[in-house]
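Here is what each chain is made of, one letter per residue.
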Amino acid sequence: MANPEESSPLLAEEKQTTPPPPPQPTAPPTMAEKKSVAATETEKGYNNGEWTADGVPLGGSVIGEPISRNQWDSSLFSCLGRNDEFCSSDLEVCLLGSVAPCVLYGSNAERLGSSDGVFANHCLTYAGLYMLGNSLVGSNWLAPWFSYPSRTAVRRRFNLEGTCESLTKSCGCCGSIMEDELQREQCESTCDFATHFFCHYCALCQEARELRRRSPHLGFNGRPVFVMMPPSEQMMGRSSGNA
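Residues numbered from 1 in each chain as written. Predicted model: local features only at pLDDT ≥ 70, side-chain atom pairs only at ≥ 80, totals over all residues. Heavy atoms only, no water.

1. Quick notes on helix H7 (residues 143-157)
The condition is simple: Helix numbers and strand numbers start at the N terminus; a helix is a DSSP run of H or I with at least 4 residues, a strand a run of E with at least 2. Working rule for helices: expected span equals 1.5 Å times residues minus one. A simple rule labels every residue: compare its accessible area, found with a 1.4 Å probe on the protein chains alone, to the largest value its type can have, and call it buried under 20%, exposed over 50%, or partly exposed in between. Should any heavy atoms of two residues lie within 4.5 Å, those residues are counted as being in contact.
Relative to the 21 Å expected for 15 residues at 1.5 Å per residue, H7 spans 22 Å between its end C-alpha atoms, a close match to the ideal helical length. Buried within H7 are the following residues: Ala143, Pro144, Ser147, Ser150, Arg151, Thr152, Val154 and Arg155. In this fold, the buried residues of H7 make contact with helix H5 (101-112), helix H6 (118-136), helix H10 (181-198) and helix H11 (200-214). One or two positions beyond H7, positive phi appears at Asn159, with a value near 55°.

See below:
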């Protein structure tokens, strides 16, 4: 009599089946393979659901490409501004920059900051440095050391193009500095100081024009309030009925 275990067909298949070989360790992908995979994903136009059909990201630039920066609304020497809806504001900026730069700088700081007392603190500090510089050497040479960070703050908030970046585009110099973000920002900060030191009043006016267009003051640009008044006929009817 045969052994039932030996005559079972399932047992025979298990005996004939050999176990699979252990997986062989694979080498990590090389840099060329990673670039090839990234290029394939770019061609497909898909990367974590944030790419459009043309392979352009919705919230930024393509990997490896620098983020494009915005242009200033007006040039440094556009003293009278532009002939648009902000024309009267540009004339006010030009007047304040020529007669009372401390007030203009305080207004710029108020639009940039969000805490209380920003206007008074910056305006009074600027006025003190202005009078001290004029009393010592007869020129406003101390205030630019205090006010030039405002230009850097405006440039960073609205992602504006700096002086070094514009020179790189126009003449092709300083290309190696633009590749490193830290070196580029240090160079741009130095150019911001030089702009305030040599063209101080023009720099204040340019920043004021930019801020007034991009960050309107809530006190002067609030929404109008409509008051609903009853029609005159209803008022007459009520008055006659009461009589």
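The rest of the description comes next.
2. Focus on the pattern of salt bridges
Side chains bearing opposite charge may pair, as long as their charged atoms lie close to each other. The following threshold applies: We count a salt bridge whenever a side-chain nitrogen from Lys or Arg sits within 4 Å of a carboxyl oxygen from Asp or Glu.
By the definition in use, this model includes 15 salt bridges. Across the pair Glu181 and Arg184 runs a salt bridge, and its minimum N-O distance is 2.8 Å. With Glu181 and Arg184 both in helix H10 and 3 residues apart, the pair spans about one turn of that helix. Exposure remark for Glu181: the relative accessible area of 46% places this residue in the partly exposed category. Three or more residues joined by partner-sharing salt bridges are found here, namely Arg69, Arg151, Arg155, Arg156, Glu165, Glu181, Arg184, Glu185, Asp192 and Glu207.

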